[in-house]
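Listed here are the chains, written in short residue letters.
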Amino acid sequence: MATLKYWLWLTTRQGMNARQRLMILDHFGTPETAYFADPAEYDLTPSLTPRGRKSLEDKSLDSAEHILEACQRLGIRILTLQDAGYPERLRQIFDPPAVLYVRGRTVAFDEEVAIGMVGSRAPSVYGEKMAGKLGFEVARGGGLVVSGIARGLDSCALVGALKGGGTVAAVLGCGIDVVYPPENHWLYEDVAASGLLISEYPPGTEPTGFHFPIRNRILSGLCLGVVAVEAALHSGTLITTRLALEQDRDLFAVPGNADAPMSRGTNRLIQQGAGLVTCGWDILGEYQSQFPDKIRAPGGEPLAEEAVRLTVSHPEPLREQERKQKTIDKIPEEAYIELDMEKSGIPEEQWELLQTLDEKPLTADELVELTQIPAGRVRSALTLLQIQGYVEELPGRRFQTKVRLRE
């Protein structure tokens, strides 16, 4: 912890970009050595601006201490470039962030078929459908979907992946505790519960326009390949695809109508050699031989069930009048989905909640007491189970299962 504050001191210096901070590390070896160095030594660091040099002479650790306290309070982990858990894929790019702030699960990116999904913030209906479909199919097939949680196709891809029961990651252009856009609050929580939120910016950092293009190098750097779902000819999506190519990542694109403005960028990428994608297997099939234990070929899931998953929207609170019309007990004639624990891919905690609800409808607090799963994770898991159509909410904020379980 004592050493960590020097990492935070270095990464909060003004007048330096990520590459210049790496040069400081290359020259001094550690942030702590840079902190205690004679100011004259800073002149030996190449490309250091006058503003950056002056910032290095500021030895106050107040900001670093404040960040450490905030991370502890918010449950945010800090990974430094020299930590064993820092993704090697990201470490190898030209300008990796010296520090990552992480909330959620611990994910070994280097062992995952991580696929970045990016696209327009003002997509067409076709784009929304394709982003959700690809997110679902990649997650269902064993891939890890990485996106930016922005408005539009980023969010569609993440929602599709969550419906597919997969692990997801969202790379932010602000502090992890800052929800942007505000309407994605529920998605932030669900991503943190089923995967992780990642940022190079400390808690409390507000979203700023220039943060997002900088953020995109991390998104592509974590991945084996990047898929552009929809993009105009001049767009942020194409910035990410350019970064992916510079990082030697695989590039895929979804084709669209020749006269559709949001498909001009993706059609151009295909002309230039990007892999043409119409389904998740077009992506995952490229990595099957490299990750035989991770990738699952398509097939086996009833198409009707898949269609239901893709069309279920995020549950909105029922109006009181609608609540009164809901019946409390299960109707014997109602059709239930049958789930197999091994084949369903449902995380262990969600399966435990389904087992507990198999007896009778329960409130979230009752589930916490019976399962001893923390309240925050219970609520997030219930949201995900509702999205997938496995659980429904009854009057009195009680939940009941809509599935039959097979061990």
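Residue indices begin from 1 for each chain and proceed along its sequence in written order. Local features in a predicted model are, by the rule used here, given only for residues with pLDDT of at least 70; side-chain atom pairs are given and counted only at 80 or more, and totals for whole chains, interfaces and linings are based on all residues. As a rule here, side-chain values come from all non-hydrogen atoms in the structure, and water together with hydrogens is ignored.

### Focus: the packing of aromatic side chains
How two aromatic rings sit relative to each other is set out by the distance from centre to centre and by the angle between their planes.
Okay, step 1: Here a pair means two rings of Phe, Tyr or Trp (six-membered ring of Trp) with centres within 6.5 Å. Their orientation is stacked below 30 degrees between planes, edge-to-face above 60, and tilted elsewhere. Under the criterion given, the structure shown has six aromatic pairs.
Okay, step 2: Both rings, one in Tyr6 and one in Phe36, keep their centres 5.8 Å apart while their planes meet at 55°; by these two values the pair is tilted. In this pair, Tyr6 sits in helix α1 (residues 4–11) while Phe36 sits in helix α3 (residues 31–36), placing the two residues 30 residues apart along the sequence.
Okay, step 3: The class for Tyr6 is buried, based on a relative accessible area of 8%.
Okay, step 4: We classify Phe36 as exposed; its relative accessible area is 56%. Helical segments are the DSSP runs of H or I of at least four residues, strand segments are the runs of E of at least two, and each set is numbered from the N terminus. Buried means the residue's accessible area, taken with a 1.4 Å probe over protein chains only, is under 20% of the maximum for its type, while exposed means over 50%, and partly exposed covers the values in between.

### Side note on the pairing of strand β1 (residues 77–80)
Okay, step 1: Side chains Ile78 and Thr80 of β1 all project onto a buried face; the interleaved residues Arg77 and Leu79 project onto a face where none is buried.
Okay, step 2: In this analysis, strands are considered paired if DSSP registers two or more bridges between them. Of the strand pairs in this sheet, β1 and strand β2 (residues 99–104) are connected by four bridges, and their pairing is antiparallel. Looking at β2, one finds that Ile78 is bridged to Tyr101.

### Looking at the pattern of salt bridges
Okay, step 1: Within this document, salt bridges are pairs made up of a side-chain nitrogen of Lys or Arg and a carboxyl oxygen of Asp or Glu, the two lying within 4 Å of each other. Evaluation of the coordinates by the stated rule reveals 12 salt bridges.
Okay, step 2: Across the pair Arg13 and Asp58 runs a salt bridge, and its minimum N-O distance is 3.8 Å. Of this pair, Arg13 sits in the loop between α1 and α2 (18–28) while Asp58 sits in the loop between α4 (50–56) and α5 (62–74), placing them 45 residues apart in sequence.
Okay, step 3: Assessed through its relative accessible area of 6%, Arg13 is described here as buried.
Okay, step 4: A cluster of three or more residues bridged by salt bridges with shared partners is formed by Asp43, Arg53 and Glu57.

### Considerations on the environment of Leu251
Okay, step 1: Here Leu251 is to be found in strand β8 (residues 250–253).
Okay, step 2: On the accessibility criterion, Leu251 (11% relative accessible area) is buried.
Okay, step 3: Separated by 18 residues in sequence, Leu251 and Leu269 have C-alpha atoms that sit 8.5 Å apart.
Okay, step 4: Every residue pair with non-hydrogen atoms within 4.5 Å of one another is taken to be in contact. Look past the residues within four positions of Leu251 in its chain and what remains in contact with it is Val226, Thr241, Leu245, Leu269, Ala274 and Gly275.

### Here's the deal with the sheet that holds strand β12 (residues 391–394)
Neighbouring strands of a sheet are bound in pairs by backbone hydrogen bonds; such pairs are parallel or else antiparallel.
Okay, step 1: Spatial strand order, β11-β13-β12: three strands in an open sheet with antiparallel pairing. Both edges of this open sheet fall to β11 (362–363) and β12, since each of them pairs with a single strand only.
Okay, step 2: As paired elements, β12 and strand β13 (residues 398–401) share four bridges and run antiparallel to each other. Within β13, the position partnered with Glu392 by the bridge is Gln400.
Okay, step 3: Contacts from helix α19 (residues 375–387) reach β12 and β13, with the element oriented near 110° to β12. Only the stretch in contact is used when fitting a helix axis, every axis being a line fitted to C-alpha atoms; angles between N-to-C directions are given from 0 to 180 degrees.

### Considerations on the nonpolar core
Okay, step 1: Put simply, a nonpolar core is a bunch of buried Ala, Val, Leu, Ile, Met, Phe, Trp, Tyr and Cys residues held in one set by side-chain atoms that sit within 4.5 Å of each other. Core analysis: the biggest nonpolar cluster contains 96 residues, and Tyr101, Phe109, Val146, Ile149, Leu197 and Val227 have the highest contact counts within it.
Okay, step 2: If you look at the next biggest cluster of nonpolar residues, it comprises 17 residues, including Leu353, Leu357, Phe399 and Val403.

### Details of the confidence of the model for the chain
Okay, step 1: The pLDDT value tells you how sure the predictor is about a given residue, anywhere from 0 up to 100. Overall, the predicted model of the chain reaches an average pLDDT of 86, with 87% of residues at or above 70.
Okay, step 2: Confidence, expressed as mean pLDDT per element, reaches its minimum in the chain at helix α15 (residues 320–325) with 35 and its maximum at strand β7 (residues 225–228) with 98.
Okay, step 3: Residue range residues 300–335 is modelled with pLDDT below 50. Its contacts to residues more than four positions away, or to other chains, number 47 contacts.

### Quick word on the side chain of Thr356
Okay, step 1: Positionally, Thr356 belongs in helix α17 (residues 348–357).
Okay, step 2: Not counting residues up to four positions away in its chain, the partners in contact with Thr356 are Leu362, Leu367, Leu370 and Thr371.

### Re the pairing of β12
Okay, step 1: Alternating residues of β12 divide into Val391 and Glu393 and Glu392 and Leu394, and every residue in both groups is buried.
Okay, step 2: The antiparallel pairing of β12 with β13 creates a hairpin that spans three residues between the two strands, and Gly396 there sits at a positive phi of about 80°.

### A few points about the sheet that holds strand β5 (residues 168–171)
Okay, step 1: In spatial order, the strands read β1-β2-β6-β5-β4-β3-β7-β8-β9; together these nine strands make up an open sheet with mixed pairing. Of all strands in the sheet, those bounded by a partner on one side alone are β1 and β9 (275–276).
Okay, step 2: Summarising the sheet, β7 and β8 pair through four bridges and their orientation is parallel. Residue pairing for β8: Val226 is matched across the bridge by Leu251.

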